[in-house]
Amino acid sequence: DWMPRWLQFTRIVFGLFALATLAMLLVQSAAVGSSLSTVVQVLTATRFGAVWLFRVAVLIVLGFILFRTSSNFPWRVANLLAFLLLITQSLNSHDAAVATPPVLPLLTDLVHLTGTAVWLGGLVQLLVLLPVVLRPLDATRRPRLLADLIARFSLTAFVTVGIIILTGAYTMYLQVGSLEALFDT
């Protein structure tokens, strides 16, 4: 069964993501100062801190689901929480500082992050789960399933990489202003 392996892998990735979230706070605080009071100040007096605290709240709920679930996994709730984590990333991105209100840049960043998550997440899921899914199949069913999975993922990868390129180009234009400035800055 693939579910235990998927949950184990997801729990490891979750732990790494939680550590990266803590590192984000420490790096942001170190840019302002070097004391513990600076961390408190960043958390309580900045937009970054408010978004970071919301991100941690989402991580706590998602972690509770991941570590308390064994077989009846609440996919929709977990997907919604993961999407909220992408939103928090966009809210603290460069695109959040481009315009007032930064609606289009934020949406572009969110679409960019979602495309990246689908593409890279799909590649990693294939790498981790494919051997587990293929192992119990007989030799005649493996090639058919593998061909079907590759065809489906290739289409998904093609579309998401296109989205990543388009949204990245738009963000580059917003941040840099022109193609010439990209090479001159």
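As a convention, each chain's residues are numbered from 1 in the sequence order in which they are written. Confidence filtering applies because this is a predicted model: local features only for residues at pLDDT of at least 70, side-chain atom pairs given and counted only at 80 or more, and all residues used for totals across whole chains, interfaces and linings. With hydrogens and water excluded, all non-hydrogen atoms of the structure serve as input to the side-chain values.

Time to look at the pattern of salt bridges. Salt bridge, as used here, is a side-chain nitrogen of Lys or Arg placed within 4 Å of a carboxyl oxygen of Asp or Glu. As enumerated under the stated definition, the model contains 1 salt bridge in all. Note that Asp148 is salt-bridged to Arg152, the shortest N-O span being 3.4 Å. In this pair, Asp148 and Arg152 are both assigned in helix α6 (residues 141–176), 4 residues apart and thus about one turn of the helix distant. Throughout this description, buried means an accessible area under 20% of the type-specific maximum (1.4 Å probe, protein chains only), exposed means over 50%, and partly exposed covers the range between. We classify Arg152 as exposed; its relative accessible area is 57%. Numbered from the N terminus, helices here are DSSP runs of H or I no shorter than four residues, and strands are runs of E no shorter than two.

Our next topic: α6. Its 36 residues give α6 an end-to-end C-alpha distance of 51 Å, which sits within 8% of 52 Å, the value for a rise of 1.5 Å per residue. Within α6, burial applies to Phe153, Ala157, Thr160, Ile164, Thr167 and Thr171. With its phi angle positive at about 100°, Gly177 sits one or two positions after the end of α6. In a helix, the anticipated span is given by 1.5 Å times the number of residues less one.

It is worth spelling out the side chain of Ser93 at this point. Take Ser93: it is sitting in the loop between α4 (75–91) and α5 (103–134). You can call Ser93 buried: its relative accessible area is 19%. Polar contacts involving the side chain of Ser93 include one to the main-chain amide nitrogen of Asp95, which spans 3.3 Å. Under this definition, polar contacts are N or O atom pairs within 3.5 Å; protein pairs additionally need one hydrogen-donor-capable and one acceptor-capable atom, and for neighbouring residues in sequence, both atoms have to be side-chain atoms.

Like charges are joined within 9 Å and nonpolar side chains (Val, Leu, Ile, Met, Phe, Trp, Tyr) within 5 Å, but only among residues with over 30% relative accessible area and no salt bridge; these make up the patches. Note on areas: these come from Shrake-Rupley sampling with a 1.4 Å probe, and a residue is covered only by the protein chains present in the view. A cluster of nonpolar side chains, contributed by Val111, Leu155, Phe158, Val159 and Ile163, occupies part of the molecular surface with about 480 Å² of accessible area. With 4 residues, the top contributor of residues to the nonpolar patch is α6. By the element assignment, Leu155 lies in helix α6. Residue class for Leu155 comes out exposed when judged on its relative accessible area of 58%.

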